[in-house]
Amino acid sequence: MRLIVTEKDSAARKIADILGGKVTVKEHGRGRQKVRSYHFGYKDDDAVAIGLRGHVMETVFPNTYRRWSLKYLGDMIERPDLAWVVDGGAAGTLAALRSVAKGATEVVIATDYDREGELIGHEALEILRGDALKRHPHDKPEKKKAGAAGRGKAAAAPPAEPPADNGDPRVKAMLPAAAVDRHIRVRYSALTREEVEAAFAKPSTVDFNLAEAAHSRQDIDLIWGAVLTRFMSLASYRYGSDYLSVGRVQSPTLRLVVDRELERRAFVPIPYWEIKATLTRGDDTVEVAHTKGRFDSLEAMETALARAQADTAEVTAYKAEPRKVAPPAPFNTTALMSAASGGGASPARAMRAAESLYLDGLISYPRTDNTVYPPSLDLRGSLEALAGWQPVATTAARLAKQGKYTPTRGKKRTTDHPPIYPVGVPKRQLSGDQAKVYDLVVRRFLATLLPAAVIEGQRVDVRIGHEPFLARGSRVASPGFLEVYEKYAAKRDRPLPALQPGDVLQVRDLRSESKETQPPSRYGQGALIEKMEELSLGTKATRADIIQHLYDRNYVRDNPVEPTELGVALITAFDAAMKKAPVDISSWQMTAKLDDQMTRISEGELRRDQVVAESQDMLEQAWKLLDGHVADIRERIKSGVREDLTLGECKNCGGQLRVLRGKTGKRFAACVGKEGEEPQPAAEGERPRRGCGQTFPLPQRGTITPTGKTCGECGWPEIKVVGAGGRGRPWVLCVDIDCPSKEKYRSRAKKNA
Ligand SMILES: [Zn+2]
Ligand SMILES: [Zn+2]
């Protein structure tokens, strides 16, 4: 019997459907631990496919490091004493694996085709062979506890019972070692019949070097994350769910956002002026601007404005020049997430949608750096399939009949996966993010096979009085790839009316506009992902989650991404401590170096223990510097948090209106008095308090931030509420529940009720 192990359940089901004629589904376990296996006949033998739930092993510290205390940190860095053990949450999956593995003569590893997939395959082999550890070898066997100890909790395990497993820390073997060692590895980039059958036709073995690279990342991330998170949390007295998370990739990403914000704060705007005019002729209107563009001095602008006083404008020149706009390159992960975020989906959501489209056999594997289609790719096959998808049917059918293709090429060429392209057509209507991402992938794919667009760039020069003005326009002369991709491309069809030298237009409105230079803009989520790729921060598999984590930890808010004061404090506290550091833990250079070393592990040039040891040295240097700045870090974090929670001034007493949490965890706004105000003596049986006692209820969901403005109706501060992860439209409202500005909402709500 063949045992086929995939990374997820849906991939197991898909492979069984493709390889087997008739598939029998069996269920193992119950509830959230329920696992399915898919049994079928394949090549005169029985086969079973089963999906894991991603990683089934994890790197852990021994239990002695569970307690959060500053005094253990030195030990954790010097002797992290890591062990690779079976993930406690995977018990149900492993029980199912044990039951279906019985009697297997051949093991097929069919996990995702990338670094993490290789490691998951390695994990499965360790477990099947009985080499995997159940627990850290230094830990005593624990009695089963309800619910695993959460990260960040100082869960002190009760003294353990005498070992019930005869002290053997390893899982029981599921198969004879010989059967496991004979394993085969299949690699596919899309869950389609062609790809899967081709993969099974030319099997290979697990690439253990590649798995080691992923494993070293796990080790390093665990040590760095645990040490720095504990250090910052303990230094700033933040415990429990308020802990301050610090990560090897996460912190340099936050730095990008914070650095940009600090640039914006330091920016001094410079005033300038522009002169514009609206010209008409019959039904045609042209908006022109002074040829000089910006006037830096008010006098120069006023002089020019006086010289331009006239009722008519005369066309002095008209030019139209065609230029080619090349179609975009094929999608890799970063480009897809970036394009999707232009359409409003956060990178994390776009990635989830892309993964489910992949598992449904509609697009190829969405984690790829490649932007060049391999020559073996069946472009025509995809086109023929897309001819059955109504929104692009005409274009796809026409292209499918074409003799040969010259697709666009991007700058990155890798050989593991092709760029992301459609491999199937949905059988039923897609909805939500899935529909959006599928539409985007399909149109992008077609665009890469279509010719360049020809855009006619137009420029008209006119004279008003004694001054020169101009206007620019553009016209799509030949749509090329815009035939399918216009909705995702920059707007290009803004033609000028037909004009020629000597034409005279009426001046309807001649005006000056006073403006200021603008600070550099904040990163949108898509631009941030692109910047991360440029700096090698994270991988195609982790970038979206890292950004999401910054939102979840309340280090950033909104989209474009704006740091909270807590986020700013975290980075500036690092900076203050690291001034003379040989390594800066929040800089991207160091992270990029580690990523490079992981690549060298995968190529067999370095070993995991060498790379982990080197990163321990770096961490030790960093920690020593940080340790000399505990008081400063504490003060910065505290004042950052205070600023994030201060909504504005109390209208009654001039104190600060701040977000507080009640005993039940509900948040509300309360006046906490002025900075440094002494608490008032309390009445019998009450706690002394500061401020005037004013409170307001607050929305319980989303991030609340001050707007810095007060309500025009009542004078209380206005606040902004943004959905989790910067999703949805921000909602600005007055903090006063009885404000007259809310009357209209209330009456509308009543009507609907
Ligand atoms: Zn007050
Ligand atoms: Zn109000």
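Residues numbered from 1 in each chain as written. Chains lettered and ligands numbered in written order. Predicted model: local features only at pLDDT ≥ 70, side-chain atom pairs only at ≥ 80, totals over all residues. Heavy atoms only, no water.

Okay, the overall build of the protein chain next. On a plain count of helices and strands, the protein chain comes out with 22 helices and 23 strands. Within the protein chain, the proportion of its 753 residues that are buried is 49%. Accessible surface, the protein chain as shown: approximately 36,900 Å² in total, 49% of it carbon and sulfur. Taking the 116 positively charged and 99 negatively charged side chains of the protein chain as two groups, their mean positions are separated by 4 Å. (Helix = DSSP H or I, 4+ residues; strand = E, 2+ residues; numbered from the N terminus. Buried < 20%, exposed > 50% of the residue type's maximum accessible area, 1.4 Å probe, protein only. Areas by Shrake-Rupley, 256 points an atom, 1.4 Å probe, with all protein chains shown as cover. Lys, Arg positive; Asp, Glu negative; His and termini not counted. Charge placed at Lys NZ, Arg CZ, Asp CG, Glu CD.)

This brings us to the packing of aromatic side chains. If you walk through the whole model with that rule in mind, you get nine aromatic pairs. Here the aromatic rings of Tyr-42 and Phe-200 are separated by 6.0 Å at their centres, their planes lie at 80°, and the arrangement is edge-to-face. Residue Tyr-42 is located in strand β3 (residues 35–42), and its partner Phe-200 is located in helix α6 (residues 193–201); the two are separated by 158 residues in the primary sequence. Arranged with centres 4.9 Å apart and planes meeting at 85°, the rings of Trp-389 and Tyr-438 form a pair that is edge-to-face. Taken as a pair, Trp-389 in the loop between α12 (379–386) and α13 (393–400) and Tyr-438 in helix α14 (residues 432–449) lie far apart in primary sequence, 49 residues in all. (Phe/Tyr/Trp six-rings, centres within 6.5 Å; stacked < 30°, edge-to-face > 60°.)

As a further point, take the coordination of the zinc ion (ligand 1). Cys-650 (SG), Cys-653 (SG), Cys-671 (SG) and Cys-692 (SG) make up the full set of protein donors to the zinc ion (ligand 1), lying at 2.3 Å. One can describe the donor arrangement at the zinc ion (ligand 1) as tetrahedral, given that its four donor atoms subtend angles of 96 to 118° at the metal. Sequence spacing among the residues donating to the zinc ion (ligand 1) works out to C-x2-C-x17-C-x20-C. Taken together, the residues Cys-653 in the loop between β17 (646–649) and β18 (656–661) and Cys-692 in the loop between β19 (667–671) and β20 (695–697) connect sequence positions 39 residues apart. The exposure class assigned to Cys-653 is partly exposed, which follows from its relative accessible area of 30%. Using a relative accessible area of 29% as the deciding quantity, one classes Cys-692 as partly exposed. (Donors = N, O, S within 2.8 Å, 3.2 Å for Na, K, Ca; no water. Tetrahedral: all angles 85-135°; square planar, octahedral: opposite > 155°, others 65-115°.)

Counted as a void, the second largest pocket has a volume near 1,000 Å³. As for the second largest pocket, its lining consists of 35 residues, of which Arg-238, Asp-242, Asn-554, Leu-645 and Arg-661 are closest to the centre. Those elements that place two or more of their residues in the lining of the second largest pocket are α17 (543–552), β15 (556–557), α21 (630–645), β18 and β21 (703–710). Broken down by element, the residue count for the lining of the second largest pocket peaks at five residues, all from α21. Of the residues contributing to the lining of the second largest pocket, the split by class is twelve nonpolar, ten polar and 13 charged. (1 Å grid on protein atoms, 1.4 Å probe; cavity = no way out; pocket = protein on both sides within 12 Å on 5 of 7 lines; lining within 4 Å. Points joined across faces, edges and corners; volume = space filled by probe spheres on them. Nonpolar A, V, L, I, M, F, W, Y, C, P; charged D, E, K, R; others polar.)

Turning our attention to the nonpolar core. Counting 67 residues, the largest nonpolar core has Leu-19, Phe-200, Tyr-438, Phe-445 and Leu-446 as the members making the most contacts within it. With nine residues, the top contributor of residues to this core is α14. With 64 residues, the next largest nonpolar core counts Ala-213, Ile-571, Leu-594 and Val-630 among its residues. (Core = buried A, V, L, I, M, F, W, Y, C linked by side-chain atoms within 4.5 Å.)

Note on metal sites: the ideal angle is 109.5 degrees for four tetrahedral donors, and 90 or 180 degrees for six octahedral donors. Taken together, the protein ligands of the zinc ion (ligand 2) are Cys-711 (SG), Cys-714 (SG), Cys-734 (SG) and Cys-739 (SG), with distances of 2.2 to 2.3 Å. Taken in sequence order, the residues that donate to the zinc ion (ligand 2) follow the motif C-x2-C-x19-C-x4-C. Taken together, the residues Cys-714 in the loop between β21 and β22 (717–722) and Cys-734 in strand β23 (residues 731–734) connect sequence positions 20 residues apart.

Take the pairing of β22 next. In this sheet, β22 lies alongside β21 in antiparallel orientation, the contact comprising five bridges. Residue Pro-706 lies in a different strand from β22, and its bridge partner there is Ile-719. Between β21 and the antiparallel strand that follows it, β22, lie six residues; Gly-715 among them carries a positive phi value of about 90°. Summarising the sheet, β22 and β23 pair through four bridges and their orientation is antiparallel. Each residue of the ladder has a partner; that of Lys-720, found in β23, is Val-732. (Pairing = 2+ DSSP bridges.)

What follows deals with the environment of Asp-168. By the element assignment, Asp-168 lies in the loop between α4 (115–129) and α5 (177–181). Those residues in contact with Asp-168 that lie beyond four places of it in its chain are Lys-134 and Arg-135. (Contact = heavy atoms within 4.5 Å.)

On the basis of which strands lie adjacent, the open sheet formed by six strands has the order β2-β3-β4-β1-β7-β8 and mixed pairing. A strand with exactly one partner marks an edge of an open sheet, and here the two such strands are β2 (24–28) and β8 (184–185). Here β2 pairs with β3 via five bridges, running antiparallel. The residue bridging Thr-24 from the neighbouring strand is His-39, located in β3.

Right, let's get into α17. Most of α17 is tucked away: seven of the ten residues are buried. Buried within α17 are the following residues: Arg-543, Ala-544, Ile-546, Ile-547, Gln-548, Leu-550 and Tyr-551. Buried residues in α17 make contact with α8 (250–266), α10 (333–342), α11 (347–359), α16 (525–534) and β15. Asn-554 lies just past α17 and shows a positive phi near 65°.

Next up on the list: the confidence of the model for the protein chain. For the protein chain, per-residue confidence averages 88 on the pLDDT scale, and 92% of positions sit at 70 or higher. Low pLDDT, under 50, characterises residues 145–164; the predicted model gives this stretch 17 contacts beyond four residues in sequence or across chains. (pLDDT = per-residue confidence, 0-100.)

So, about the sheet that holds β23. Pairing is antiparallel in the open sheet, where three strands are placed in the order β21-β22-β23. Looking at strand neighbours, the two that pair on one side only are β21 and β23, the edges of this open sheet. Recorded for the sheet is a direction-independent mean angle of 30° between the axes of neighbouring strands. (Axes fitted to C-alpha atoms, helices over the stretch in contact; angles between N-to-C directions.)

Looking now at α11. An α-helix turns once per 3.6 residues; consequently, residues spaced three or four apart project the same way. With 13 residues, α11 ought to run about 18 Å at 1.5 Å a step, and its terminal C-alpha atoms sit 18 Å apart, in line with that. Where the residues of α11 are buried, they touch α1 (9–19), α10, α14, α16 and α17. With its phi angle positive at about 75°, Gly-361 sits one or two positions after the end of α11. (Expected span 1.5 Å × (residues − 1).)

With respect to the helices and strands, the residue Ser-189 is situated in the loop between β8 and α6. On the basis of relative accessible area, Ser-189 is assigned to the buried category, the value being 5%. Here Ser-189 is in contact with Tyr-113, Glu-195, Tyr-358, Ser-364, Tyr-365, Asp-416, His-417 and Pro-418, once residues within four sequence places are set aside.

Geometrically, a packed helix pair is captured by the angle between its two axes and the distance between the axes. The interhelical angle for the contact between α8 and α16, taken along N-to-C directions, is 125°, at an axis separation of 11 Å. Relative to α16, the element α8 lies oblique. Considering how the two elements wind past one another, α8 and α16 form a crossing that is right-handed. Across the interface between the two elements, Thr-253, Leu-256 and Val-257 from α8 touch Leu-528, Lys-531 and Met-532 from α16. When its residues are assigned to classes, the contact of α8 with α16 shows four nonpolar, one polar and one charged. (Parallel < 35°, antiparallel > 145°, perpendicular 65-115°, else oblique. Left-handed = near helix turned anticlockwise from the far one by under 90°.)

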